[in-house]
Amino acid sequence: MTRRPFIAGNWKLHMGPDRARQHAESLRVRLLGEERVDLAVFPTDLSIGVVTAVLHDTAIHVGVQHIAQEPEGAWTGQTSARHARLAGCHRALIGHSEVRQYLGVTDEGIHQRARQCLSSGMLPVICLGESLAQREAGHVEHTLLRQLELALGSLEPDEVATCTVAYEPVWAIGTGKSATPAQVQEVHGMLRTWLRAHYPGFVADQTRILYGGSVKPNNASEILAQPDVDGALVGGASLDVDAFTRIVEAASAAA
Ligand code: PGA
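For clarity, every value in this text was computed on a predicted model and none was experimentally measured.

Rules of the game
- Residues numbered from 1 in each chain as written.
- Predicted model: local features only at pLDDT ≥ 70, side-chain atom pairs only at ≥ 80, totals over all residues.
- Heavy atoms only, no water.
- Core = buried A, V, L, I, M, F, W, Y, C linked by side-chain atoms within 4.5 Å.
- Buried < 20%, exposed > 50% of the residue type's maximum accessible area, 1.4 Å probe, protein only.
- Contact = heavy atoms within 4.5 Å.
- Helix = DSSP H or I, 4+ residues; strand = E, 2+ residues; numbered from the N terminus.

Some thoughts on the nonpolar core
Judged by nonpolar contacts, the single largest core of 73 residues is most densely connected at I7, V51, L152, L191 and L195. Every residue in contact with I7, bar those within four places of it in the chain, is listed here: V37, D38, L39, A40, L224, G231, A232, V234, F244, I247, V248 and A251. Counting residues in each nonpolar core, the second largest holds 10 residues, with F6, A8, L93 and V125 among its members.

Topic: unusual backbone geometry
Positive phi outside glycine occurs at M15, with the angle close to 70 degrees. A positive phi is found at S214, a non-glycine position, where the angle reads about 60 degrees. Overall, S214 belongs to the buried group, its relative accessible area being 8%.

Quick notes on helix 2 (residues 48-55)
Burial of helix 2 is extensive: 6 of the 8 residues sit out of reach of the surface. Regarding helix 2, the residues found buried are I48, V50, V51, T52, V54 and L55. Residues of helix 2 that are buried sit in contact with helix 1 (17-31), strand 2 (38-42) and strand 3 (60-64).

See the structure below:
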């Protein structure tokens, strides 16, 4: 890995405030000495307050799982990027496949959220992924490059370089069926080649590309050893302090 590794835990709709506080306290103890890996956790909105209270003086970033495309206004039920930043968040997941699928967020909406995130002073983690049907039809490259191009849209090169891209094949999320290290490297290499062709060289050198989809302690090392894999976005295994810590240790060893 040439870029600094980044391991992020997506807690999805798990762990309300009490449980999240305990979990964050355990992570704080277990990961306090970790200096080689950038870390972030994405609690539910209602647990962000307690988690930032526990982690605010550590290097573990807290992030928000989804933001509105507008900063404020008559948008009942939404979460503002600006407010998330004020609540102590440093990062936002943008376009997770569950958000694309269940909330009907379009590629254009994803670009607007990436902008919102950056203009609120947070760093985006832009999620991309193909469905099983798209993979079986041979449309992986077309699907992912289109998602990436539309998500980045008119962002400036220096903005793109601060984004993290997370490749999460939809068929591997929460299924226990991870992509193979070779499949992951093939896609990550393709995404980096696209970045190199479309932006000044520093963008492809700096933009981190994470893999997500059934990353566990037993497959993390092999995936993280791939040259274009800069870390992982971890769902299920991030709910277990031991498992998450072991994945962070695998990233530290690969750094
Ligand atoms: P998983 O989820 O690790 O449980 O597959 C990954 C994600 O959705 O970010």
